[in-house]
Amino acid sequence: EGIGPQEYTGIKMEVVEWSPAAQAALGDKAGGRKVFLVAATLRPETMYGQTNCFVGTGIKYGVFAVNDQEAFVCTLRAARNMAFQGIITPRGNIQQLAEIDGSKIVGTKINAPFAINPQVYVLPMDNVLATKGTGVVTSVPSDSPDDFQTLTDLRKKPEFYKIEPSWAAIDPVPVISTPTYGDMTAPAIVKQLKIQSQKDTKQLAEAKEIAYKEGFYNGTMTVGEFKGMSVQEAKPKVREAMIGAGLAFAYAE
Ligand code: A2H
């Protein structure tokens, strides 16, 4: 993470259908605005492989007006940062339309921009930090060990995690190939390090480091507009394409 601000890409995932609990909590508080869950990612080039999205069940989220047309779901902390960065208007000011528990957002159906599976569900993840990014995480199990392990846990114990199995039904989608791990980098590293659950946070941190370096320095895109290009080259191009399409924005913290 080093010195200075982290440059994230904010991914806009429009709500297609709220879970019944979220619908009951929110009513029409968004005032007719289009509502988006927004996730902060360091790997916009992997968005082709999104299979679901994660929130923390113990985290409080807000619905914040971006303008008259749109509203974002994220933590209050992230909304404040966005307002100071001019992403939410008026600059430096925030209008919170509603508050909602993460647990109630689970089961909501959203659009996954650029993804091969265009609509995905919101699922719970233990290790979402309220103090990083937006508190919403895009899930790309092919390339993120945390995402792969969490999805595996959810599929093993859907009742325990209070989810419908159908919400976790989309399999990891290959989007990047690396010489050492093939086209399923995260599952391969999770297996190699013998990771058993999302509670193995130390091994997952190591897996994340390996997967990130392998993907960034040795990865090649296998899908999308930049298929065949190195990840290093494709990363800023996918980011610009998403921003140009109005599906993403630059976000720093
Ligand atoms: B990344 P850094 Cl494919 N809590 O996006 C926990 N994790 C969070 C988070 C939060 N509040 N906000 C963002 N993140 C995740 C994609 C991805 C990511 C892939 C591979 C690796 C990877 C899909 N998930 O991250 O601590 C988000 O997951 C490993 C670097 O700021 C975000 O990028 O370095 C990353 O952590 C930001 O982590």
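Look above for the structure.
Below: a short report on this structure.

**Let's talk about the site of the ligand**
Taken together, 21 residues lie near the ligand, and Tyr8, Thr41, Leu129, Lys132 and Thr138 sit nearest. Here an oxygen atom of the ligand sits 2.7 Å away from a polar atom, N or O, in the side chain of Thr41. Those elements that provide at least two residues to the shell around the ligand are β2 (34-41), β9 (136-139) and α6 (201-218). Of the residues in the shell around the ligand, the class split is eight nonpolar, seven polar and six charged.

**Section: the pattern of salt bridges**
A pair can form between side chains of opposite charge whenever their charged atoms are brought close. Overall, the coordinates contain nine salt bridges when judged by the stated rule. Between Asp126 and Lys199 there is a salt bridge; the shortest N-O distance is 3.6 Å. Of this pair, Asp126 sits in the loop between β8 (119-124) and β9 while Lys199 sits in the loop between α5 (185-192) and α6, and the two are 73 residues apart along the sequence. You can call Asp126 partly exposed: its relative accessible area is 44%.

**Concerning the side chain of Thr134**
Within the element layout of this structure, Thr134 appears in the loop between β8 and β9. In contact with Thr134, not counting residues within four places along its chain, are Val38, Ala39, Ala40, Tyr61, Cys74, Thr75, Ala78 and Met82.

**Considering the environment of Phe84**
Note that Phe84 resides in helix α2 (residues 76-84). Note: C-alpha distance between Phe84 and Ile94 (ten residues apart in sequence) is 9.3 Å.

**Overview of the layout of surface pockets**
When its volume is computed, the largest pocket comes out at roughly 1,300 Å³. What lines the largest pocket is a set of 43 residues, among which Tyr8, Leu42, Lys132, Asp146 and Lys208 lie closest to the centre. The greatest single-element share of the lining of the largest pocket, amounting to ten residues, is contributed by α6. In terms of residue class, the lining of the largest pocket is made up of 18 nonpolar, twelve polar and 13 charged. What the second largest pocket holds in volume is close to 200 Å³. Around the second largest pocket, the lining residues are Thr57, Ser103, Val106, Pro124, Met125, Asp126, Phe160, Tyr161 and Lys162.

**Things to note about unusual backbone geometry**
Going from Thr89 to Pro90, the amide bond is cis rather than trans, its omega being -10 degrees. By secondary structure assignment, the location of Pro90 is in the loop between α2 and β6 (96-101). With phi around 70 degrees, Phe114 is a residue other than glycine that occupies positive phi space. Note on placement: Phe114 falls in the loop between β7 (109-111) and β8. Phe114 sits in the partly exposed class, given a relative accessible area of 26%. Not every positive phi belongs to a glycine, and Lys194 is a case in point at roughly 55 degrees. Tracing the sequence through the fold places Lys194 in the loop between α5 and α6. By relative accessible area, which is 63% here, Lys194 ends up exposed.

The rules behind each value
Residues numbered from 1 in each chain as written. Predicted model: local features only at pLDDT ≥ 70, side-chain atom pairs only at ≥ 80, totals over all residues. Heavy atoms only, no water. Near = heavy atom within 4 Å. Polar contact = N/O pair within 3.5 Å; in protein donor to acceptor, adjacent residues only side chain to side chain. Helix = DSSP H or I, 4+ residues; strand = E, 2+ residues; numbered from the N terminus. Nonpolar A, V, L, I, M, F, W, Y, C, P; charged D, E, K, R; others polar. Salt bridge = Lys/Arg side-chain N within 4 Å of Asp/Glu carboxyl O. Buried < 20%, exposed > 50% of the residue type's maximum accessible area, 1.4 Å probe, protein only. Contact = heavy atoms within 4.5 Å. 1 Å grid on protein atoms, 1.4 Å probe; cavity = no way out; pocket = protein on both sides within 12 Å on 5 of 7 lines; lining within 4 Å. Points joined across faces, edges and corners; volume = space filled by probe spheres on them.

By themselves, these figures tell us nothing about what the structure is for.
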